[in-house]
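Architecture and fold: a report
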Amino acid sequence: MSDRKKPAKADPSQWRPRTRLVRGGLDRTKHRETSEALFLTSGYVYDEAEEAERAFAAKDSTRFVYSRFGNPTVAAFEERLRMFEGAEACRATATGMAAVFASLMCQVRAGDRVVASRALFGSCHFIISDLLPRYGVETQFVDGTDLDQWQAALTKPARAVFLETPSNPMLDVIDLKAVVALAQRAGARVVVDNVFAIGAQRPLDLGADVVVYSATKHIDGQGRTLGGAVLGRREFVETELQPFLRHTGPAMSPFNAWVLVKGLETLSLRLDAQCQTALRLAKRLETRAKVARVYYPGLDSHPQAAIARQQMKSGGSLLAFAMKGGKKAAFAVLDALNLVDISNNLGDSKSLACHPATTTHQRLKPEERQELGITDGVIRLSVGLEDADDLEADLTRATA
Ligand SMILES: *Cc1c(COP(=O)(O)O)cnc(C)c1O
């Protein structure tokens, strides 16, 4: 007789982040597969009518009803990301923009106010500047790095604050704790787009109410699928976000969830390597005679370096640098790169560079770009997983 006892069941809440990314949300079927199962199914069947009744009354939380609002593979992704971010609840969406839109639309009503930082991903800016006002929501932009502007904007009550830190593409860093304190006094929930600092910063630990991600970026990290996620308190997710998602339908495909579950397994390792290389490249670029300035939260020369050190455990995988000689010089660098690709995407294993003024931020008026510091010489670099020596050589040659 074997005296081998089955060990006590693991307690996932005790796992460290890397273990969470590999094993969180794993729910094996009767086949005991190693890799997470992919449930490409839109619907589910019930053995008895009563079982269907219970499922629809939401009395049986183990049952899935319809994949627009629940699917086992999507649930595995949500649980894994939830554990990693340290949130009470998580819901996945088809894209990052669906996550951003849902996180705001599920809570605002006509007559509400939303205050946002001005330096946002283009489509997030559009939602706040153009879409929300159509539904009677008053919106106001502030310079996210200027606490006096936040303070002034939040003397009146507001429903929500929306911000991105570090920001795209100039890597401005916003003092999360300070903005949270001002928002709380105004009765506003703080929603943080954390794409640029995934793994480096946990806004919920700093008092933010909601975190949104584009999973398209580092979570997939290999340029394959689109995806998004909203994370926050269980009550917010279940009573406000979930009904909005259920009845409007921006659901993540189970196939994409499966790809993203596999992406999460290596997220931490990839981010460590990418952030380390980003710091090295930022330092290298600072020494180049034709580079006017480097923008990277991990550098001492960053205007908010002290705040970055407090709230981020690394500078992230994105940096920007301004070439002396404007657009012509910036284009010459992009065209001289032979390893780094020219692409507006980011968070990929392949290093990607773009010229924000003529691509991602082309839609802005020149004076709006000026306000955000996006001059014609600026190049944004998303650092990938190539050997740092090869990347440094490519950038050194291209900026010669
Ligand atoms: C890409 C991105 C989004 C939008 O995500 P999609 O998956 O492309 O819809 C939102 N915010 C930031 C900061 C992003 O980089």
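This structure is a prediction, so every number in the text was calculated from the model and none was measured. (Residues numbered from 1 in each chain as written. Predicted model: local features only at pLDDT ≥ 70, side-chain atom pairs only at ≥ 80, totals over all residues. Heavy atoms only, no water.)

1. Some points on the pairing of strand E3 (residues 138-142)
On a regular strand, each side chain points to the face opposite its neighbour's, so the side chains alternate between the two faces of the sheet. Spelled out, the test is: When DSSP locates at least two bridges between a pair of strands, those strands are taken to pair. Segments assigned H or I by DSSP are reported as helices when at least four residues long, segments assigned E as strands when at least two residues long, and all are numbered from the N terminus. By convention a crossover is right-handed if, when the strands point away from the viewer, the path from the first strand over the helix to the second runs clockwise.
Pairing geometry for strand E2 (residues 113-117) and E3, over five bridges, is parallel. Bridge pairing links arginine 113 to glutamate 138 in E3. Chirality of the crossover, the property in question, places the unit of E2, helix H5 (residues 122-134) and E3 among those that are right-handed.

2. Focus: the sheet that holds E3
Spelled out, the test is: Axes here refer to lines fitted to C-alpha atoms; in helices the fit is confined to the stretch in contact. Angles between the N-to-C directions go from 0 to 180 degrees. Contacts were defined at the residue level, with two residues in contact if any of their heavy atoms lie within 4.5 Å.
A sheet is described by the order of its strands in space; here seven strands give the open sequence E1-E7-E6-E5-E4-E2-E3, paired in mixed fashion. What marks the edges here is a single partner per strand, and that holds for strand E1 (89-93) and E3. The sheet shows a mean angle of 20° between the axes of neighbouring strands, direction not considered. Bridge count between E2 and strand E4 (residues 160-164): three bridges; the pairing is parallel. Across the sheet, valine 114 pairs through a bridge with alanine 160, a residue of E4. Contacts from H5 reach E2, E3, E4 and strand E5 (189-193), with the element oriented near 150° to E3. Each of E4 and E5 touches helix H7 (residues 176-185); the most contacted strand, E4, lies at about 165° to it.

3. A word on the site of the ligand
Keep this limit in mind: Near is defined per residue: the residue qualifies when any heavy atom it owns lies within 4 Å of the molecule or strand. Polar contacts, as used here, are pairs of N or O atoms within 3.5 Å; protein pairs need one atom able to donate a hydrogen and one able to accept it. Residues neighboring in sequence count only if both atoms are side-chain atoms. With residues, only the protein chains shown are counted as cover, and all accessible areas are computed by Shrake-Rupley using a 1.4 Å probe.
In the vicinity of the ligand lie 14 residues, with Met97, Asp193, Ser214, Thr216 and Lys217 positioned nearest. For the ligand, an oxygen atom lies 2.8 Å from a polar atom in the backbone of glycine 96. Threonine 216 places a side-chain nitrogen or oxygen 2.6 Å from an oxygen atom of the ligand. When the ligand is considered free in solution it has 380 Å² of accessible area, and contact with the protein chains removes 92% of it.

4. Some details on H7
Every α-helix carries 3.6 residues per turn, so stepping three or four residues along brings you back to the same face. In plain terms, the rule: Exposed residues in this analysis have more than 50% of their type's maximum accessible area, buried residues have under 20%, and partly exposed residues fall in between, with area computed by a 1.4 Å probe over protein chains only. The arc refers to the directions leading from the helix axis to the C-beta atoms.
Every buried residue of H7 is accounted for by Leu176, Val179, Val180, Leu182 and Ala183. End-on view of H7: buried residues confined to an arc of 165°, all on one side of the axis. Within H7, the exposed residues directed more than 90 degrees away from the buried face are Lys177, Gln184 and Arg185. Those residues of H7 hidden inside the fold are in contact with helix H6 (147-153), E4, E5 and helix H11 (305-311). N-capping of H7 is provided by aspartate 175, with a side-chain oxygen placed 3.4 Å from the backbone N of lysine 177. Of the residues trailing H7, glycine 187 is marked for its positive phi of about 75°.

5. A look at the domain arrangement of the protein
Frequently, the measure chosen for interface size is the accessible area removed from exposure when the parts meet. The line we're drawing: Note: domain ranges come from an automatic or database domain assignment. Accessible area that two parts lose when put together, with a 1.4 Å probe and added across both, is what the buried area reports.
With domains assigned, the protein is organised as domain 1 (12-39 + 70-265) and domain 2 (268-398). The distance between the C-alpha centroids of domain 1 and domain 2 comes to 24 Å. Across the contact, 36 residues belong to domain 1 and 33 residues belong to domain 2. For the pair domain 1 and domain 2, the summed buried area comes to about 2,900 Å², and 59% of that belongs to carbon and sulfur atoms.

6. Considerations on the environment of isoleucine 174
Tracing the backbone shows isoleucine 174 in the loop between E4 and H7. If near-sequence neighbours (up to four positions away) are discounted, isoleucine 174 is found in contact with Ser117, Gly144, Thr145, Trp150, Leu163, Glu164, Thr165, Val179, Ile307 and Gln311.

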